[in-house]
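# Observations on the three-dimensional arrangement
Chain by chain, the residues:
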Amino acid sequence: MKKLKEFLKHEYDAGKVIYPPKPLYFQAMNLTPLEKVKVVILGQDPYHGPNQANGLCFSVSPGVRLPPSLQNIFKEMRDDIGKPIPEDGDLSKWAQQGVLLLNSVLTVEKEQAASHQGKGWEQFTDKIISVVNDRCQNVVFILWGAYAQKKAAFVDTKRHHVLQSVHPSPLSSHRGFFGSKPFSKTNAWLQSKNLKPIDW
(Lines give C-alpha, C1' and ligand atoms only; values in the text may rest on other atoms or scores of the structure.)
Protein backbone atom coordinates (compact mmCIF):
# COMPACT_ATOMS: atom_id res chain seq x y z
CA MET A 1 0.00 0.00 0.00
CA LYS A 2 2.95 2.34 0.62
CA LYS A 3 4.28 1.68 -2.88
CA LEU A 4 0.81 2.17 -4.31
CA LYS A 5 0.44 5.46 -2.45
CA GLU A 6 3.80 6.65 -3.83
CA PHE A 7 2.78 5.67 -7.36
CA LEU A 8 -0.51 7.56 -7.11
CA LYS A 9 1.17 10.63 -5.62
CA HIS A 10 3.64 10.61 -8.52
CA GLU A 11 0.77 10.39 -11.01
CA TYR A 12 -1.07 13.32 -9.41
CA ASP A 13 2.16 15.37 -9.17
CA ALA A 14 2.67 14.78 -12.90
CA GLY A 15 -0.72 16.38 -13.52
CA LYS A 16 -2.50 13.22 -14.58
CA VAL A 17 -6.25 12.87 -14.14
CA ILE A 18 -7.14 9.78 -12.09
CA TYR A 19 -10.55 8.10 -11.81
CA PRO A 20 -12.52 7.71 -9.63
CA PRO A 21 -12.01 10.82 -7.46
CA LYS A 22 -9.93 10.19 -4.33
CA PRO A 23 -12.89 10.07 -1.89
CA LEU A 24 -14.41 7.22 -3.94
CA TYR A 25 -11.40 4.86 -4.17
CA PHE A 26 -12.81 2.66 -1.40
CA GLN A 27 -16.51 3.25 -2.02
CA ALA A 28 -17.23 -0.47 -2.49
CA MET A 29 -16.01 -1.23 1.04
CA ASN A 30 -17.58 1.91 2.52
CA LEU A 31 -21.05 1.01 1.23
CA THR A 32 -20.69 -2.75 1.83
CA PRO A 33 -18.74 -3.42 5.04
CA LEU A 34 -17.61 -6.98 5.71
CA GLU A 35 -20.42 -7.87 8.10
CA LYS A 36 -23.02 -6.94 5.45
CA VAL A 37 -21.56 -8.84 2.47
CA LYS A 38 -24.07 -11.25 0.88
CA VAL A 39 -22.98 -11.09 -2.77
CA VAL A 40 -19.67 -10.29 -4.47
CA ILE A 41 -19.51 -9.07 -8.08
CA LEU A 42 -15.97 -8.70 -9.43
CA GLY A 43 -14.91 -6.24 -12.09
CA GLN A 44 -11.51 -5.44 -13.53
CA ASP A 45 -10.79 -1.70 -13.84
CA PRO A 46 -12.73 1.49 -13.20
CA TYR A 47 -14.24 3.20 -16.23
CA HIS A 48 -11.73 5.64 -17.71
CA GLY A 49 -14.09 8.24 -19.20
CA PRO A 50 -15.03 11.55 -17.52
CA ASN A 51 -17.57 11.30 -14.66
CA GLN A 52 -18.07 7.55 -15.14
CA ALA A 53 -16.19 5.76 -12.34
CA ASN A 54 -17.82 6.01 -8.90
CA GLY A 55 -15.90 3.36 -6.96
CA LEU A 56 -18.32 0.49 -7.64
CA CYS A 57 -17.63 -1.99 -10.44
CA PHE A 58 -19.92 -1.68 -13.48
CA SER A 59 -21.66 1.33 -11.84
CA VAL A 60 -21.78 4.91 -13.10
CA SER A 61 -23.03 8.07 -11.44
CA PRO A 62 -26.58 9.32 -12.10
CA GLY A 63 -26.86 11.25 -15.35
CA VAL A 64 -23.98 9.40 -17.02
CA ARG A 65 -24.75 7.42 -20.19
CA LEU A 66 -24.92 3.68 -19.52
CA PRO A 67 -21.74 1.88 -20.68
CA PRO A 68 -22.34 -1.15 -22.95
CA SER A 69 -21.57 -3.80 -20.29
CA LEU A 70 -23.98 -2.18 -17.84
CA GLN A 71 -26.65 -1.97 -20.53
CA ASN A 72 -26.29 -5.72 -21.01
CA ILE A 73 -26.42 -6.36 -17.24
CA PHE A 74 -29.68 -4.41 -17.08
CA LYS A 75 -31.09 -6.28 -20.12
CA GLU A 76 -30.36 -9.61 -18.44
CA MET A 77 -31.92 -8.32 -15.20
CA ARG A 78 -35.07 -7.37 -17.13
CA ASP A 79 -35.25 -10.73 -18.88
CA ASP A 80 -34.38 -12.67 -15.71
CA ILE A 81 -36.60 -11.05 -13.09
CA GLY A 82 -38.81 -8.66 -15.05
CA LYS A 83 -37.39 -5.40 -13.69
CA PRO A 84 -37.49 -2.48 -16.13
CA ILE A 85 -34.12 -1.10 -17.26
CA PRO A 86 -33.24 1.76 -14.87
CA GLU A 87 -32.85 5.35 -16.02
CA ASP A 88 -29.41 5.63 -14.46
CA GLY A 89 -26.54 3.25 -13.80
CA ASP A 90 -25.81 4.04 -10.15
CA LEU A 91 -25.62 0.67 -8.36
CA SER A 92 -25.30 2.14 -4.85
CA LYS A 93 -28.63 0.61 -3.81
CA TRP A 94 -27.23 -2.84 -4.59
CA ALA A 95 -24.13 -2.07 -2.52
CA GLN A 96 -26.18 -0.86 0.43
CA GLN A 97 -28.03 -4.21 0.49
CA GLY A 98 -24.83 -6.25 0.71
CA VAL A 99 -23.58 -6.54 -2.88
CA LEU A 100 -19.81 -5.89 -2.80
CA LEU A 101 -19.11 -4.33 -6.22
CA LEU A 102 -15.35 -4.78 -6.26
CA ASN A 103 -12.96 -3.94 -9.07
CA SER A 104 -9.62 -5.75 -9.06
CA VAL A 105 -7.85 -2.41 -9.67
CA LEU A 106 -9.35 0.62 -7.94
CA THR A 107 -7.90 3.50 -9.98
CA VAL A 108 -7.16 4.32 -13.62
CA GLU A 109 -5.71 7.21 -15.59
CA LYS A 110 -8.14 9.20 -17.74
CA GLU A 111 -8.63 7.59 -21.17
CA GLN A 112 -5.90 4.99 -20.43
CA ALA A 113 -7.58 1.61 -19.86
CA ALA A 114 -5.68 -0.77 -17.55
CA SER A 115 -3.06 1.92 -16.82
CA HIS A 116 -2.91 1.10 -13.09
CA GLN A 117 -2.74 -2.66 -13.39
CA GLY A 118 0.26 -4.28 -11.72
CA LYS A 119 0.83 -1.39 -9.30
CA GLY A 120 -0.40 -3.15 -6.15
CA TRP A 121 -4.17 -2.89 -6.19
CA GLU A 122 -4.53 -6.56 -7.17
CA GLN A 123 -2.79 -7.72 -3.96
CA PHE A 124 -5.13 -5.54 -1.91
CA THR A 125 -8.30 -6.77 -3.61
CA ASP A 126 -7.11 -10.40 -3.51
CA LYS A 127 -6.89 -9.97 0.25
CA ILE A 128 -10.41 -8.56 0.41
CA ILE A 129 -11.79 -11.61 -1.43
CA SER A 130 -9.76 -13.88 0.84
CA VAL A 131 -11.16 -12.22 3.98
CA VAL A 132 -14.74 -12.51 2.66
CA ASN A 133 -14.10 -16.17 1.82
CA ASP A 134 -12.67 -16.91 5.29
CA ARG A 135 -14.90 -14.83 7.55
CA CYS A 136 -18.31 -14.83 5.87
CA GLN A 137 -20.80 -17.62 5.21
CA ASN A 138 -23.17 -18.29 2.30
CA VAL A 139 -21.92 -15.49 0.06
CA VAL A 140 -22.83 -15.61 -3.64
CA PHE A 141 -19.83 -14.84 -5.87
CA ILE A 142 -20.92 -13.66 -9.33
CA LEU A 143 -17.93 -14.08 -11.63
CA TRP A 144 -18.35 -12.66 -15.12
CA GLY A 145 -15.52 -13.49 -17.50
CA ALA A 146 -12.21 -15.33 -17.24
CA TYR A 147 -10.45 -12.56 -15.29
CA ALA A 148 -12.95 -12.60 -12.42
CA GLN A 149 -13.11 -16.40 -12.42
CA LYS A 150 -9.34 -16.68 -12.13
CA LYS A 151 -9.15 -14.04 -9.39
CA ALA A 152 -11.71 -15.84 -7.22
CA ALA A 153 -10.72 -19.40 -8.13
CA PHE A 154 -9.82 -20.17 -4.49
CA VAL A 155 -13.31 -19.43 -3.09
CA ASP A 156 -14.54 -22.29 -0.88
CA THR A 157 -17.59 -23.66 -2.69
CA LYS A 158 -18.58 -25.69 0.39
CA ARG A 159 -19.29 -22.44 2.26
CA HIS A 160 -20.22 -20.14 -0.60
CA HIS A 161 -22.08 -20.26 -3.91
CA VAL A 162 -20.29 -19.38 -7.17
CA LEU A 163 -22.13 -18.30 -10.34
CA GLN A 164 -20.01 -18.06 -13.48
CA SER A 165 -20.65 -16.91 -17.04
CA VAL A 166 -18.91 -15.01 -19.80
CA HIS A 167 -18.47 -11.25 -19.39
CA PRO A 168 -21.44 -8.95 -20.12
CA SER A 169 -19.42 -6.87 -22.61
CA PRO A 170 -20.83 -6.69 -26.17
CA LEU A 171 -17.88 -8.81 -27.35
CA SER A 172 -18.98 -11.86 -25.34
CA SER A 173 -22.49 -11.33 -23.95
CA HIS A 174 -24.21 -13.46 -26.61
CA ARG A 175 -21.96 -16.43 -25.82
CA GLY A 176 -23.61 -17.24 -22.50
CA PHE A 177 -24.16 -14.09 -20.46
CA PHE A 178 -27.68 -13.55 -21.76
CA GLY A 179 -29.86 -16.24 -20.26
CA SER A 180 -27.51 -17.00 -17.35
CA LYS A 181 -30.08 -15.65 -14.83
CA PRO A 182 -27.64 -14.47 -12.14
CA PHE A 183 -30.21 -12.29 -10.36
CA SER A 184 -32.87 -14.94 -9.79
CA LYS A 185 -30.23 -17.60 -9.00
CA THR A 186 -28.60 -15.33 -6.42
CA ASN A 187 -31.88 -14.63 -4.68
CA ALA A 188 -32.91 -18.30 -4.73
CA TRP A 189 -29.63 -19.21 -3.01
CA LEU A 190 -29.96 -16.44 -0.40
CA GLN A 191 -33.53 -17.45 0.38
CA SER A 192 -32.50 -21.11 0.68
CA LYS A 193 -30.15 -19.97 3.47
CA ASN A 194 -32.88 -17.86 5.14
CA LEU A 195 -31.21 -14.64 4.01
CA LYS A 196 -33.08 -11.62 2.64
CA PRO A 197 -32.95 -11.51 -1.17
CA ILE A 198 -31.51 -8.50 -3.01
CA ASP A 199 -33.96 -5.97 -4.40
CA TRP A 200 -32.20 -5.58 -7.74
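Residues numbered from 1 in each chain as written. Predicted model: local features only at pLDDT ≥ 70, side-chain atom pairs only at ≥ 80, totals over all residues. Heavy atoms only, no water.

## Remarks on the nonpolar core
Within soluble globular proteins, side chains that are nonpolar generally end up buried alongside one another. Formed by 52 residues in total, the largest nonpolar core has its most connected members in Ile41, Trp94 and Leu101. Sorting the residues of this core by element identifies helix 1 (2-13), strand 2 (39-43), helix 3 (68-81), helix 4 (92-96), strand 3 (99-103), helix 5 (121-135), strand 5 (140-144) and helix 7 (182-192) as the ones contributing at least two each. The element contributing the most residues to this core is strand 5, with five residues. (Core = buried A, V, L, I, M, F, W, Y, C linked by side-chain atoms within 4.5 Å. Buried < 20%, exposed > 50% of the residue type's maximum accessible area, 1.4 Å probe, protein only. Helix = DSSP H or I, 4+ residues; strand = E, 2+ residues; numbered from the N terminus.)

## Quick look at unusual backbone geometry
Across the junction of Tyr19 and Pro20, the peptide omega takes the value -10°, indicating a cis bond. Summarising the element assignment, Pro20 is placed in the loop between strand 1 (18-19) and helix 2 (27-31). Located in the positive-phi region is Glu111, a residue other than glycine, with phi close to 60°.

## Some points on the pattern of salt bridges
Tallying each qualifying case throughout the model produces six salt bridges. Of the charged contacts, one joins Lys16 and Glu11 as a salt bridge, the two residues approaching to 3.5 Å between their closest N and O atoms. For Lys16, the salt bridge is made with Glu109, and the minimal N-O distance between the two is 3.9 Å. Of this pair, Lys16 sits in the loop between helix 1 and strand 1 while Glu109 sits in strand 4 (residues 108-109), placing them 93 residues apart in sequence. Accessibility expressed as a relative area gives 32% for Lys16, which makes it partly exposed. In the salt-bridge network here, residues are joined through shared partners; they are Glu11, Lys16 and Glu109. (Salt bridge = Lys/Arg side-chain N within 4 Å of Asp/Glu carboxyl O.)

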